Amino acid sequence: MQQDLVHAIKSNPKYHELVSKRKAFAWILAIVMLVIYYGFILIVAFNKAFLSQQLWTGSITTVGIPIGLGVIVSAFILTGIYVFRANSEFDRLTREIKEEVL
Amino acid sequence: MRLWQNAFAALALSLVAGAALAAGDVGEVKKQSVNIPAIIMFLAFVAATLGITYWAAQRTKTAKDFYAAGGGITGFQNGLAIAGDYMSAASFLGISGLVFINGYDGLIYSVGWLVGWPIIMFLMAEQLRNLGKYTYADVVSYRFQRVPMRTMAATGSLVVVILYLIGQMVGAGKLIQVLFGLDYVYAVTIVGILIILYVTFGGMLATTWVQIIKACLLLGGATIIAFGALYVATDGSLSPERLFQKATEIHNKKDAVMRPGALVTSPIEAISLGLALMFGTAGLPHILMRFFTVPNATEARKSVFYATGFIGYFYILTFLIGFGAIVLLMPADSGYMVTNAKGVLELKGGQNMAAVNLSAAIGGNILLGFISAVAFATILAVVSGLTLAGASAISHDLYANVVAHGNVDELQEVRVSKIATLVLGVIAILLGIAFEQQNVAYLVGLTFSVAASANFPILIVSIFWSKMTTKGALLGGWLGLVSSTLFVILGPTVWTDVLKLGDAIFPFKNPALFSMTLSFLGIFIGSIMDSSEQGKRECASFEAQDVRCQTGIGAEGAASH
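In this text the structure is predicted, and so the values were computed from the model without any measurement. (Residues numbered from 1 in each chain as written. Chains lettered and ligands numbered in written order. Predicted model: local features only at pLDDT ≥ 70, side-chain atom pairs only at ≥ 80, totals over all residues.)

### A closer look at the overall build of chain A
So, point 1. Each helix and strand counted, chain A has four helices and zero strands in total.
So, point 2. Listing every helix and strand of chain A by position from the N terminus yields α-α-α-α.
So, point 3. For 102 residues, the compact-globule estimate of 2.2 N^0.38 gives 13 Å, and chain A exceeds it by more than 25% at 21 Å.
So, point 4. Among the 102 residues that make up chain A, the fraction classed as buried is 29%.
So, point 5. The long-range share in chain A, meaning contacts at least 24 apart out of those at least 6 apart in sequence, stands at 62%. (Helix = DSSP H or I, 4+ residues; strand = E, 2+ residues; numbered from the N terminus. Rg over C-alpha atoms; globule rule 2.2 N^0.38 Å. Buried ≥ 20, exposed ≤ 12 C-beta atoms within 10 Å, placed from the backbone. Contact = placed C-beta atoms within 7 Å.)

### Structural notes on the overall build of chain B
So, point 1. When you go through chain B residue by residue, the secondary structure sums to 24 helices and two strands.
So, point 2. Relative to the 2.2 N^0.38 estimate, which gives 24 Å for 561 residues, the radius of gyration of chain B is 23 Å and therefore close to what a compact globule would have.
So, point 3. Based on the C-alpha atoms only, the size of chain B along its principal axes is roughly 75 × 55 × 40 Å.
So, point 4. The 561 residues of chain B split such that 66% are buried.
So, point 5. A fraction of 84% describes how many contacts in chain B between residues 6 or more apart in sequence connect residues 24 or more apart.

### What to know about the nonpolar core
All names here are of chain B.
So, point 1. V191, I311, I321, L358, A375, I379 and L380 are the most contacted members of the largest nonpolar core, which totals 231 residues.
So, point 2. With 29 residues, the single largest contributor to this core is helix α17 (residues 354-403).
So, point 3. Setting aside residues no more than four positions away along its own chain, L380 makes contact with V191, L194, I195 and V210. (Core = buried A, V, L, I, M, F, W, Y, C linked by C-beta atoms within 7 Å.)

### A few points about the interface of chain B and chain A
So, point 1. At the junction of the two partners, chain B supplies 45 residues and chain A supplies 43 residues.
So, point 2. Among the secondary structure elements, those contributing two or more residues to the side of chain B that touches chain A are α7 (105-114), α8 (116-123), α13 (240-250), α14 (267-281), α16 (297-329) and α24 (542-551) of chain B.
So, point 3. Element by element, the count of residues in the side of chain B that touches chain A is highest for α16(B), at 10 residues.
So, point 4. Considered class by class, the residues forming the side of chain B that touches chain A number 27 nonpolar, 12 polar and six charged. (Nonpolar A, V, L, I, M, F, W, Y, C, P; charged D, E, K, R; others polar.)

### Describing the packing of helix α11 (residues 146-180) of chain B against α17(B)
All names here are of chain B.
So, point 1. At a minimum axis distance of 9 Å, the contact between α11 and α17 shows a crossing angle of 160 degrees. With respect to each other, α11 and α17 are oriented roughly antiparallel. Relative to α17, α11 is oriented so that their crossing is left-handed.
So, point 2. A breakdown of the residues in the contact of α11 with α17 according to their chemical character gives 23 nonpolar, seven polar and three charged. (Axes fitted to C-alpha atoms, helices over the stretch in contact; angles between N-to-C directions. Parallel < 35°, antiparallel > 145°, perpendicular 65-115°, else oblique. Left-handed = near helix turned anticlockwise from the far one by under 90°.)

### A few points about the confidence of the model for chain A
Keep in mind that low pLDDT regions are not for reading the predicted coordinates in detail.
So, point 1. Summary statistics for chain A give a mean pLDDT of 91 and a share of 99% for residues scoring 70 or more.
So, point 2. The least confident element of chain A, judged by mean pLDDT, is helix α1 (residues 3-10) of chain A at 87; the most confident is helix α4 (residues 64-101) of chain A at 94. (pLDDT = per-residue confidence, 0-100.)

### Some points on the confidence of the model for chain B
All names here are of chain B.
So, point 1. Residues of chain B with pLDDT of at least 70 account for 92%, and the chain-wide mean is 86.
So, point 2. Looking across chain B, the model is least confident in helix α2 (residues 15-23), with a mean pLDDT of 36, and most confident in helix α22 (residues 512-529), with 96.
So, point 3. Taken together, the stretch residues 1-28 has pLDDT below 50 and engages in 81 contacts with residues farther than four places along the chain or on a different chain.
So, point 4. Confidence metrics for the complex model read pTM 0.89 and ipTM 0.95.

### Brief notes about unusual backbone geometry
Residues and elements named next belong to chain B.
So, point 1. Despite not being glycine, K254 has its phi angle at roughly 55 degrees, a positive value.
So, point 2. Tracing the backbone shows K254 in the loop between α13 and α14.
So, point 3. Backbone geometry at H405 places phi at a positive 50 degrees, although glycine is not the residue there.
So, point 4. Of note, H405 is situated in the loop between α17 and α18 (410-434).

### Some thoughts on the environment of A325(B)
Residue and element names in this part refer to chain B.
So, point 1. Structurally, A325 can be placed in helix α16.
So, point 2. Along the sequence, A325 and L347 sit 22 residues apart, while their C-alpha atoms lie 10.0 Å from each other.
So, point 3. When near neighbours in sequence (up to four residues on either side) are disregarded, A325 contacts S96, F100, A354 and L358.

### Thoughts on helix α12 (residues 184-233) of chain B
Residue and element names in this part refer to chain B.
So, point 1. In this model, α12 (50 residues) spans only 35 Å end to end at C-alpha, well below the 74 Å of a helix rising 1.5 Å per residue.
So, point 2. Along α12, the sharpest kink reaches roughly 125 degrees, centred on G202.
So, point 3. Of the residues flanking the end of α12, it is D235, one or two places downstream, whose phi is positive at about 55 degrees. (Expected span 1.5 Å × (residues − 1). Bend = angle between axes of the 7 residues up to and from the residue.)

### Considering the environment of G203(B)
Residues and elements named next belong to chain B.
So, point 1. Along the chain, G203 turns up in helix α12.
So, point 2. Distance in space between the C-alpha atoms of G203 and R59 is 9.6 Å, their sequence separation being 144 residues.
So, point 3. Apart from the residues lying within four places of it in its own chain, the contact partners of G203 are A56, T60, D65 and F66.

### Brief notes about the packing of α8(B) against α16(B)
All names here are of chain B.
So, point 1. Across the interface, α8 lies against α16 with an axial gap of 10 Å and an inter-helix angle of 175 degrees. Judged by the angle between their axes, α8 and α16 are roughly antiparallel. Every residue of α16 that contacts α8 at W117, P118, I120 and M121 is listed here: R301, V304, A307, T308 and I311.
So, point 2. Taken together, the residues of the contact of α8 with α16 sort by class into seven nonpolar, one polar and one charged.

### So, the environment of Y136(B)
Residue and element names in this part refer to chain B.
So, point 1. Here Y136 lies in helix α10 (residues 136-140).
So, point 2. Given 32 C-beta atoms within 10 Å, Y136 falls into the buried group.
So, point 3. Along the sequence, Y136 and V185 sit 49 residues apart, while their C-alpha atoms lie 34 Å from each other.
So, point 4. Non-local contacts of Y136, meaning those with residues more than four positions away in its chain, are made with L128, A153, P285, L288, N455 and L459.

Below you can see the structure in the form of structure tokens.
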């Protein structure tokens with residue numbers, strides 16, 4: 001990419017808006033996923049009793065079942081949240097930057 | 001029930017072997033009689049995929065067609081194809097078998113295999129799409145010295161591809177032996193020949209559609225078995241509580257099948273395994289390559305979203321299948337438990353046949369045939385994806401960019417990749433035969449550790465850290481590759497269990513925590529210490545890379561046709 005185009009893009013305020021918003025959003029979601037997953041693994045490693053409780057009085061289903069399935073579902077939901085915002089707001093900003101500099 | 005005790009002990013003994021069981025190896029199996037419906041359905045699949053290959057061959061002319069299906073795959077299609085690449089037959093059979101034997105613990109693995117996907121989504125999918133062209137080496141050599149970076153990235157790709165291939169080929173041979181009553185050598189050879197045909201003639205377009213068909217078949221088949229089993233096992237109530245209740249009555253572990261057991265013991269092993277599962281996914285070359293088949297970042301994101309949904313749903317199904325199998329197959333009078341040579345009761349064909357036997361139990365020979373054909377189709381699809389990734393590393397990275405220094409005719413490059421496919425196909429057959437009697441379970445653990453330690457760190461750092469230089473990347477990349485391989489060989493799984501050399505030199509079964517740390521440290525120190533002019537230029541060119549990465553301006557577009 002030519003240096004002048006790089007400078008034109010970098011001096012566009014919308015570029016900074018895009019980069020800072022996306023960076024914050026992506027890292028927050030990534031950290032949420034890491035916390036959920038490693039939280040789960042650490043509970044498995046250190047507090048098996050917690051996951052072994054009955055889900056309701058007399059149930060065979062343990063607390064661990066919805067929590068384990070919940071981690072799977074949370075992965076899907078988090079990617080959905082990201083796509084929803086990225087494919088609307090971030091793509092709109094990208095389009096506007098392209099229109100302004102190209 | 002000594003068998004169960006032994007099985008639990010073995011499982012507790014080896015986290016890696018457990019992971020491998022779940023993803024790359026179908027374990028000990030026994031040959032069964034010829035299954036006619038299975039063969040008919042399998043032949044139908046082969047005919048359909050060869051038809052697609054013929055169709056794709058007409059449309060595969062340029063290098064971009066061959067490596068990236070012309071960049072014209074939609075997000076939804078690519079999501080299915082990614083799921084197809086990722087859901088191996090061994091994970092279908094292995095995880096359901098793990099749940100069958102161990103209950104809740106199987107779920108812990110499923111979770112680990114899935115959580116890498118959101119990370120790929122947030123930190124890599126669109127970046128890869130915006131920076132790369134055909135292989136992930138395009139991304140890691142973007143602003144660095146081409147020859148050493150490509151050489152390292154291609155080596156990392158090939159190591160991962162070949163290790164993964166061995167596991168898949170051995171699994172394929174054993175599975176086909178069981179399902180179709182075919183000789184191991186024939187089975188492995190058929191797989192090899194078919195994938196050579198798909199990839200050489202149809203390139204990425206045929207490979208993608210083989211993945212898509214396989215993903216639909218596998219998701220459909222698993223849905224039928226899971227809900228069919230839930231329906232039959234709960235006498236039509238479809239209540240999971242009822243299923244779990246019956247399972248605890250039948251399983252000799254009783255209530256313990258509903259609780260985490262011995263699978264995750266040492267926190268260091270647990271975290272290290274988690275790292276390998278999570279970031280290994282983000283370092284698998286055949287998965288990374290899929291991001292270049294979509295036209296832009298928007299579609300790249302969509303494909304991860306769909307893929308995460310399909311894969312997550314699939315793992316929930318395997319969990320249900322495992323519990324369904326406990327209820328319907330485990331009772332001694334079910335007809336699916338046989339007494340083995342040691343006089344103990346075990347599942348017909350071995351624990352990894354839980355899903356297959358369950359299909360027979362609820363749907364008779366027709367469903368059994370369908371699921372068998374699906375399992376075979378699954379192996380074909382995964383192996384062809386791997387072979388294409390390996391061939392691309394050879395032709396696009398090593399031949400075109402290292403040997404020919406980028407001065408190469410496009411048609412010549414495609415020709416080289418076809419030759420590479422042929423060679424890799426033959427190598428896959430030979431490795432499959434050579435490893436027939438070996439326990440290949442540890443290979444999946446090794447594959448994910450290598451991918452997480454060698455490919456992932458340089459990729460992620462090259463995207464996000466402006467101060468990385470070629471020297472740092474080479475130091476970190478090679479450190480990760482060599483250390484992860486060495487740690488596995490010197491660790492308990494290979495040193496003690498496979499080579500039987502006594503106490504392991506490296507004490508952990510899962511090296512990723514250590515080898516990834518070494519790799520990142522290598523990149524960091526190597527880059528900081530690098531005061532060369534070349535290094536300064538590379539840091540300066542981060543700006544242009546980052547602008548392209550963020551906006552997609554200048555990125556490879558879809559092919560015009």
